[in-house]
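Overview (structure and organization)
Spelled out from the first residue to the last, the chains are:
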Amino acid sequence: MGRVQNKVIFITGAARGQGRAHAVRLAQEGANIIGVDICEDIKTNSYGMATPEDFDETVRLVEAAGGRMITSIADVRDRQAIVAAVEQGVAEFGRLDGIVAQAGICPLGTDDPQAFLDAFTVDFVGVVNAVEAAVPHLSKGGSIVATGSLAALMAGATDNPSNGVGGLGYSLAKRMVASFINDLAVVLGPKGIRANAVHPTNCNTDMLNSDIMYRQFRPDLEAPTREDALPFFPAMTMMGVPYVEPEDISQMVLFLLSDESRYVTGMQMRVDAGGYVRNRPQQPTF
Ligand SMILES: NC(=O)c1ccc[n+]([C@@H]2O[C@H](COP(=O)([O-])OP(=O)(O)OC[C@H]3O[C@@H](n4cnc5c(N)ncnc54)[C@H](O)[C@@H]3O)[C@@H](O)[C@H]2O)c1
């Protein structure tokens, strides 16, 4: 028996990066996957989004891991499309046990107001849409996971004015994901449904490995490369590593979706190699 045997999990942003890693890890542990991804670039976001070929590769990997996967190309901002994707998956698999609302963009380096709006609507409204599509299908034992960011927990990270208004939108969205999940745990607790947030530090995906992110770490250089930025990445961790791997986040996601965490809810789970305690060294409050 796998750790999420026969569970059906809905994942947004499943075509590559962390979303793909979650799909594969969950399939290895017995789950079937309903996935959505936009598979189309967003104008204000300087690095590209996943492609349909990326999405096909995720399906291939899920199947190789022993799972089944249903995909829809859809924008998390499009509530009707997200509802339709979940309904199609539930019709096929017969149930829904959990979700990972984690599709995201990080449109740094621009003062275009649309970047602020895109970051907010994809990174926060997209989470709300995924939750709203899923809740009617979840029952006792259900589990909601949303991906925030270390940026949600630390002022002056992506919302540093030098990152432009897209960074401000990103931080606002991620803080709201944290608050939304907190209150959702209150709302859904009596129904036996759990809600938790996962907050990664730098993670080794296309979002981090982008020219605009290199510039955040090396504002002193005109066109920094990955090699220029790499020695500065560990500023976001305490353990000497520049980033965590997508699979490190998947381990936390797997735990939160499994019954092993059946009484864990309303939590803000950092997978950050100590990045938070490095920068906010206060004692926990009781
Ligand atoms: N990579 C990091 O350093 C880092 C750090 C902290 C938090 N995060 C968060 O982790 C999550 C996953 O990002 P990632 O690191 O895998 O980056 P990524 O860019 O590789 O993956 C994001 C995925 O979301 C999809 N997507 C984007 N906008 C979408 C939309 N509107 N509708 C549907 N799909 C959409 C993309 O096509 C892509 O497949 C995001 O929420 C991100 O904010 C990432």
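Details of the structure are given in the entry above.
The following paragraphs examine the structure supplied in this document. Please read all numbers here as calculations on a predicted model, not as lab measurements.

1. Here's the deal with the overall build of the chain
What the chain contains, in helices and strands, is 10 helices and 7 strands. Its C-alpha atoms give the chain a radius of gyration of 18 Å, near enough to 19 Å, the size a compact globule of 286 residues would have. Structurally, the chain occupies a C-alpha span of about 55 × 45 × 35 Å along its principal axes. Residue burial in the chain is summarised as follows: out of 286 residues, 55% are buried. Across the chain, contacts joining residues at least 24 apart in sequence account for 75% of those joining residues at least 6 apart. If you sum the accessible surface of the chain, you get close to 12,600 Å²; carbon and sulfur atoms cover 53% of it.

2. Regarding the site of the ligand
Around the ligand, the surrounding shell holds 31 residues, and the nearest of these are Arg16, Asp37, Tyr170, Cys203 and Thr205. Note that an oxygen atom of the ligand is positioned 2.9 Å from one of the backbone N or O atoms of Gln102. Between the ligand and the protein, one listed contact pairs an oxygen atom with a backbone N or O atom of Cys203 at 2.8 Å. In isolation the ligand has 830 Å² of accessible area, and contact with the protein removes 98% of it. For the shell around the ligand, the elements supplying multiple residues, two or more each, are helix H1 (17-28) and helix H6 (164-188).

3. Examining the state of the cysteines
In the structure shown here, the tally under the stated rule is 0 disulfides. Take Cys39: it sits in no disulfide, and the sulfur closest to it among the cysteines is that of Cys203, at 19 Å. Lacking any disulfide linkage, Cys203 is separated from the closest cysteine sulfur, that of Cys106, by 13 Å. Residue Cys203 is classed as buried on the basis of its relative accessible area of 6%.

4. Examining the pairing of strand S3 (residues 69-73)
Relative to S3, strand S2 (residues 32-37) runs parallel, the two sharing 5 bridges. Bridging from a neighbouring strand, Ile33 pairs with Met69 of S3. Taken together, S2, helix H2 (residues 52-64) and S3 constitute a β-α-β crossover, and its handedness is right-handed.

5. Concerning helix H4 (residues 113-134)
Over its 22 residues, H4 runs 31 Å from end to end, which matches the ideal 32 Å to within 8%, given 1.5 Å per residue. The principal kink in H4, of about 35°, is found at Val125. In this structure Asp112 caps H4, since a side-chain oxygen of it lies 2.9 Å from the backbone nitrogen of Gln114.

6. Observations regarding the packing of H1 against H2
Put simply, H1 and H2 touch, their axes get as near as 9 Å, and they point 15° apart. What the angle tells us is that H1 and H2 run roughly parallel. When the axes of H1 and H2 are compared, the crossing they make is right-handed. When H1 is examined against H2, the residues Arg20, Ala23, Val24 and Ala27 are found in contact with a partner set consisting of Asp54, Glu57, Thr58, Leu61 and Val62. When its residues are assigned to classes, the contact of H1 with H2 shows 5 nonpolar, 1 polar and 3 charged.

7. Quick look at the packing of H4 against H6
Their axes nearest at 7 Å, the elements H4 and H6 cross at an angle of 20°. Judged by the angle between their axes, H4 and H6 are roughly parallel. Here H4 and H6 pass one another in a crossing that is right-handed. Facing Pro113, Ala115, Phe116, Ala119, Phe120, Asp123, Phe124, Val127, Val128 and Val131 of H4, the residues of H6 in contact are Val165, Gly166, Leu168, Gly169, Tyr170, Leu172, Ala173, Lys174, Met176, Val177, Phe180 and Leu184. Taken together, the residues of the contact of H4 with H6 break down into 18 nonpolar, 2 polar and 2 charged.

8. Overview of unusual backbone geometry
The phi dihedral of Asn6 is positive, around 65°, even though this residue is not glycine. The topology assignment puts Asn6 in the segment before strand S1 (8-12). Phi is positive for Ala273, which is not a glycine, with a value near 50°. One can find Ala273 in the loop between strand S7 (268-271) and helix H10 (275-279).

9. Thoughts on the pattern of salt bridges
Applying the stated criterion across every chain, the model contains 13 salt bridges. Across the salt bridge formed by Asp206 and Arg16, the nearest N and O atoms sit 3.1 Å from each other. Taken together, the residues Asp206 in the loop between strand S6 (194-200) and helix H7 (211-217) and Arg16 in the loop between S1 and H1 connect sequence positions 190 residues apart. You can call Asp206 partly exposed: its relative accessible area is 40%. Overall, Arg16 belongs to the buried group, its relative accessible area being 17%. Among the salt bridges present, the one from Asp220 reaches Arg218, with a minimum N-O distance of 2.8 Å.

Scoring rules and cut-offs
- Residues numbered from 1 in each chain as written.
- Predicted model: local features only at pLDDT ≥ 70, side-chain atom pairs only at ≥ 80, totals over all residues.
- Heavy atoms only, no water.
- Helix = DSSP H or I, 4+ residues; strand = E, 2+ residues; numbered from the N terminus.
- Rg over C-alpha atoms; globule rule 2.2 N^0.38 Å.
- Buried < 20%, exposed > 50% of the residue type's maximum accessible area, 1.4 Å probe, protein only.
- Contact = heavy atoms within 4.5 Å.
- Areas by Shrake-Rupley, 256 points an atom, 1.4 Å probe, with all protein chains shown as cover.
- Near = heavy atom within 4 Å.
- Polar contact = N/O pair within 3.5 Å; in protein donor to acceptor, adjacent residues only side chain to side chain.
- Disulfide = S-S within 2.5 Å.
- Pairing = 2+ DSSP bridges.
- Right-handed = clockwise from strand over helix to strand, strands pointing away.
- Expected span 1.5 Å × (residues − 1).
- Bend = angle between axes of the 7 residues up to and from the residue.
- Axes fitted to C-alpha atoms, helices over the stretch in contact; angles between N-to-C directions.
- Parallel < 35°, antiparallel > 145°, perpendicular 65-115°, else oblique.
- Left-handed = near helix turned anticlockwise from the far one by under 90°.
- Nonpolar A, V, L, I, M, F, W, Y, C, P; charged D, E, K, R; others polar.
- Salt bridge = Lys/Arg side-chain N within 4 Å of Asp/Glu carboxyl O.

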